[in-house]
Amino acid sequence: MHFTAQGDIGLGAGAKKVLDVIAGLDPQLNLALGDFSYRAGGEQQFCDMVTGKLGTDLPYQLITGNHESNGEEGDIDKFVRCLPNKLPGLQGQYGIQWRVDVPEQNPVVRFILVSPGIDFKNGNPLDYSKGSERWRWTAEAIDQARSQGIPWTVVGMHVPCFSLGEKSCQAGKDFTNMLIDKKVDLVLSGHDHVYQRSHQVGLGGNCSELVPANFSATCLTDKDGSMEQGAGTVFVTVGVGGVELYNVKNNDPEVGYFSTWSGKNRNPALGTLDVTVSADQLAARFVPAAGYSFTDSFALHRR
Ligand SMILES: [Fe+2]
């Protein structure tokens, strides 16, 4: 199973370069991690740009960003209409909170896409607080994947928690720790216009939780690029799908959690994450767009 993922795309030359990379990689599906047109009324132009580069058959799967969740700089409802779900068996509300197993028969990965930490049309965020309906939906989706023997679980959302860019823990400390506690294999986000990939982090021992804007080495379970499933979670922000990059803070207190990072002021690169998943291994790499050289790669192995 082969997919690509990136967010923060826009309508410009950068977006088109990254779409060219995706087209060359020829994935089975693409996860678009929010922030699409950055402009009200630009929805159809965005969808036409995507299908012009990738064709109309590729599942270009949407989860909303903050720029279209409240409808002010694009409207997620309109994006969902012009880039509809193309994956069989999808459950939930496409564009906002959904899950799907791929392939539909004998799946190797469950994708769970959620929307904590961003405002919707009523001006309020959706409730992902501890024990809320959306929290439970997410937790049950993870637990059920495991009980059904689906080898890998990937959670995606627009906002990160830990970040060396400009953003704070918008995904929420408790919600993020729940994903770690449940040993989600890979958590993907955008929002900060940087690329950053964490070490594998996990709870247990002297690490009872990860606290934003702090670092505890006791929460690191594996620090090299080859990791074992079940020890914890790897977080990747891929907010480099086309729009202008943000700076990274090399002295951020959370820097100890990260293996590699890239931003406007350090190895800048637009591009996409490229992930290949089999029953035994989840292997990922960052593929830069034309004119950029930053790369990354890591793999998780299943015992
Ligand atoms: Fe953005």
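Everything here concerns the structure above.
The rules behind each value
Within each chain, residue numbers correspond to sequence positions counted from 1 in written order. Side-chain atom pairs in this predicted model are given and counted only at pLDDT of 80 or more, local residue features only at pLDDT of at least 70, and totals for whole chains, interfaces and linings cover all residues. Only DSSP runs of H or I with at least four residues qualify as helices, and only runs of E with at least two residues qualify as strands; both kinds are numbered from the N terminus onward. C-alpha atoms define the radius of gyration in this analysis, and the globule rule sets the expected value at 2.2 Å times the number of residues to the power 0.38. Any residue surrounded by 20 or more other C-beta atoms within 10 Å of its C-beta is treated as buried, while 12 or fewer makes it exposed and the intermediate range makes it partly exposed; C-beta atoms here are placed from the backbone. Once C-beta atoms are placed from the backbone, any two residues with those atoms within 7 Å are in contact. Paired strands are those between which DSSP finds at least two bridges. All axes here are fitted lines through C-alpha atoms, helices being fitted over the stretch that makes contact, and every angle between N-to-C directions spans 0 to 180 degrees.

Describing the overall build of the chain
Helix and strand counts for the chain stand at six helices and 17 strands. For a compact globule of 303 residues, the expected C-alpha radius of gyration is about 19 Å, and the chain comes in at 17 Å, within 12% of that figure. Judged by the C-alpha coordinates and their principal axes, the chain covers about 50 × 40 × 40 Å. Taking all 303 residues of the chain together, the buried fraction comes to 52%. Put simply, 71% of the contacts in the chain that link residues at least 6 apart link residues at least 24 apart.

As for the sheet that holds strand β9 (residues 195–198)
Read from one edge of the open sheet, eight strands run β4-β5-β6-β7-β8-β13-β9-β14, paired in mixed fashion. Every other strand in the sheet has two partners, leaving β4 (91–93) and β14 (258–262) as the edge strands with one partner each. Strand-to-strand twist of the sheet, defined as the mean angle between neighbouring strand axes without regard to direction, takes the value 15°. Pairing geometry for strand β5 (residues 97–102) and strand β6 (residues 109–113), over five bridges, is antiparallel. Each bridged residue has a counterpart across the sheet, and for Trp-98 the counterpart in β6 is Leu-113. In this fold helix α5 (residues 133–147) packs onto β5, β6 and β7 (152–156), with an angle of close to 175° to the strand it touches most, β6.

Some points on unusual backbone geometry
A cis amide bond links Val-102 with the next residue in sequence, Pro-103, at an omega value of -10°. On the secondary structure map, Pro-103 appears in the loop between β5 and β6. Residues other than glycine seldom take positive phi values, yet Asp-8 does so here, at roughly 65°. Tracing the sequence through the fold places Asp-8 in the loop between β1 (2–6) and α1 (13–25). The phi dihedral of Tyr-38 is positive, around 55°, even though this residue is not glycine. Looking at the secondary structure, you find Tyr-38 in the loop between β2 (29–32) and α2 (43–54).

A word on the environment of Thr-276
One can find Thr-276 in strand β15 (residues 271–277). What makes Thr-276 partly exposed here is the crowd of 14 C-beta atoms within 10 Å. Distance from Thr-276 to Phe-3, taken between C-alpha atoms, is 6.6 Å for residues 273 residues apart in sequence. Look past the residues within four positions of Thr-276 in its chain and what remains in contact with it is His-2 and Ala-283.

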